[in-house]
Amino acid sequence: MLAELSPALIAEVKLAAKLLAAKQHICILTGAGISAESGIPTFRDKQTGLWENYGVEDLATPEAFVRDPKLVWSWYQWRRQLVADKAPNPAHHALAQWQYHAQNSDQQVTLITQNVDDLHEQAGSTVTHLHGHLWRNCCGQCQTPYQDQPRTSYDNRNTMSFDEALLTCPHCGGYIRPDIVWFGEALPIQAWQIAEEAAANCEVFISIGTSSLVYPAAGLAQLAKQNGAKIIEINPDPTPNTIVDITLAEKAGVILPLLIEEITAL
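What comes next concerns the included structure.

**Some details on the sheet that holds strand 9 (residues 246-248)**
Okay, so step 1: One open sheet holds the 6 strands; their spatial order is 3-2-1-7-8-9, and the pairing between them is parallel. At either margin of the open sheet sits one strand with a lone partner, and together these are strand 3 (127-129) and strand 9. Taken pair by pair, the neighbouring strands of this sheet meet at an average axis angle of 20°, ignoring direction.
Okay, so step 2: In this structure, strand 1 (residues 25-30) lies alongside strand 2 (residues 108-113), joined through 6 bridges in parallel fashion. Its bridge partner being in strand 2, H25 is matched across the sheet by Q108.
Okay, so step 3: Contacts from helix 1 (residues 7-21) reach strand 1, strand 7 (204-208), strand 8 (230-234) and strand 9, with the element oriented near 125° to strand 9.
Okay, so step 4: Sitting on the sheet, helix 10 (residues 252-265) touches strand 7, strand 8 and strand 9, and the angle it makes with strand 8 is about 130°.

This is the structure:
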């Protein structure tokens, strides 16, 4: 497999594997790029069909939900339907394999994601979500979790209902919304604390499929760097980030299985 890569990239993979195998505390941040390899369009991709005339301010802000809750809810039901049949790719499986093997060693691999899908969980990973969960709902008024549309297993996706009718909270009567962090909203306190602690205490920080430009998540790599960690970026289109020590300019689904293979061989 390594032979299919350029000599320069092979050298970087081996360098990264050697570094990672020697360290105990690893923090990984994944973004939209890793899900895109499973066929999930990124939020910044052009909207299609019925949604092509709408922007972020129309579909993913608290103000948009107050202004037109039916529009926002319908879009998220459409997104759920779009994502329902998507499966983890080799990158998700490699990360899950790494976490599994780390349990039997002295290594701690903390996985943080900006993604709202559940592909990491489907692959078997333990992951902290910074931007919420596409498959969870809560009240837009009192924030109480709403369990009417749970995704209890990964096998029931073909029988799920994606009704666009608005739901109301049994506690306060407010409209139910997706449990997702919208633009202009704060990140979940507990998730952010886990991410900050992992970044501050890691020896290597790995950024996968994310531009490292959207804050506050983008600050995690800087926090890690300030505390002496090495930074690895896995992205087919590397970002102009001067704090990166090792750049693996290829899709995560190509690099991660090779990287884990190299690590376990050392």
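Next comes the rest of the description.
**Brief notes about the sheet that holds strand 6 (residues 176-180)**
Okay, so step 1: Ordered by their spatial adjacency, 3 strands build an open sheet running 5-4-6, and the pairing between neighbours is antiparallel. Only two strands of the sheet have a single partner each, and these edge strands are strand 5 (145-146) and strand 6.
Okay, so step 2: Sheet analysis places strand 4 (residues 132-139) next to strand 5, joined by 2 bridges and oriented antiparallel. Across the sheet, the residue bridging to C138 is P145, located in strand 5.

**Brief notes about the packing of aromatic side chains**
Okay, so step 1: Within the structure shown, the criterion is met by 3 aromatic pairs.
Okay, so step 2: On the numbers, 5.5 Å between centres and 45° between planes, the contact of F65 with W182 is tilted. One end of the pair, F65, is in helix 4 (residues 62-67); the other, W182, is in the loop between strand 6 and helix 8 (189-201), and 117 residues separate them in sequence. Take F65 and W182: they sit in the same class, and that class is buried.

**Notes on the environment of A199**
Okay, so step 1: Take A199: it is sitting in helix 8.
Okay, so step 2: Along the sequence, A199 and Q222 sit 23 residues apart, while their C-alpha atoms lie 8.7 Å from each other.
Okay, so step 3: In contact with A199, other than residues within four places in its own chain, are C27, F205, L220, L223 and A224.

Scoring rules and cut-offs
- Residues numbered from 1 in each chain as written.
- Predicted model: local features only at pLDDT ≥ 70, side-chain atom pairs only at ≥ 80, totals over all residues.
- Heavy atoms only, no water.
- Pairing = 2+ DSSP bridges.
- Helix = DSSP H or I, 4+ residues; strand = E, 2+ residues; numbered from the N terminus.
- Axes fitted to C-alpha atoms, helices over the stretch in contact; angles between N-to-C directions.
- Contact = heavy atoms within 4.5 Å.
- Phe/Tyr/Trp six-rings, centres within 6.5 Å; stacked < 30°, edge-to-face > 60°.
- Buried < 20%, exposed > 50% of the residue type's maximum accessible area, 1.4 Å probe, protein only.

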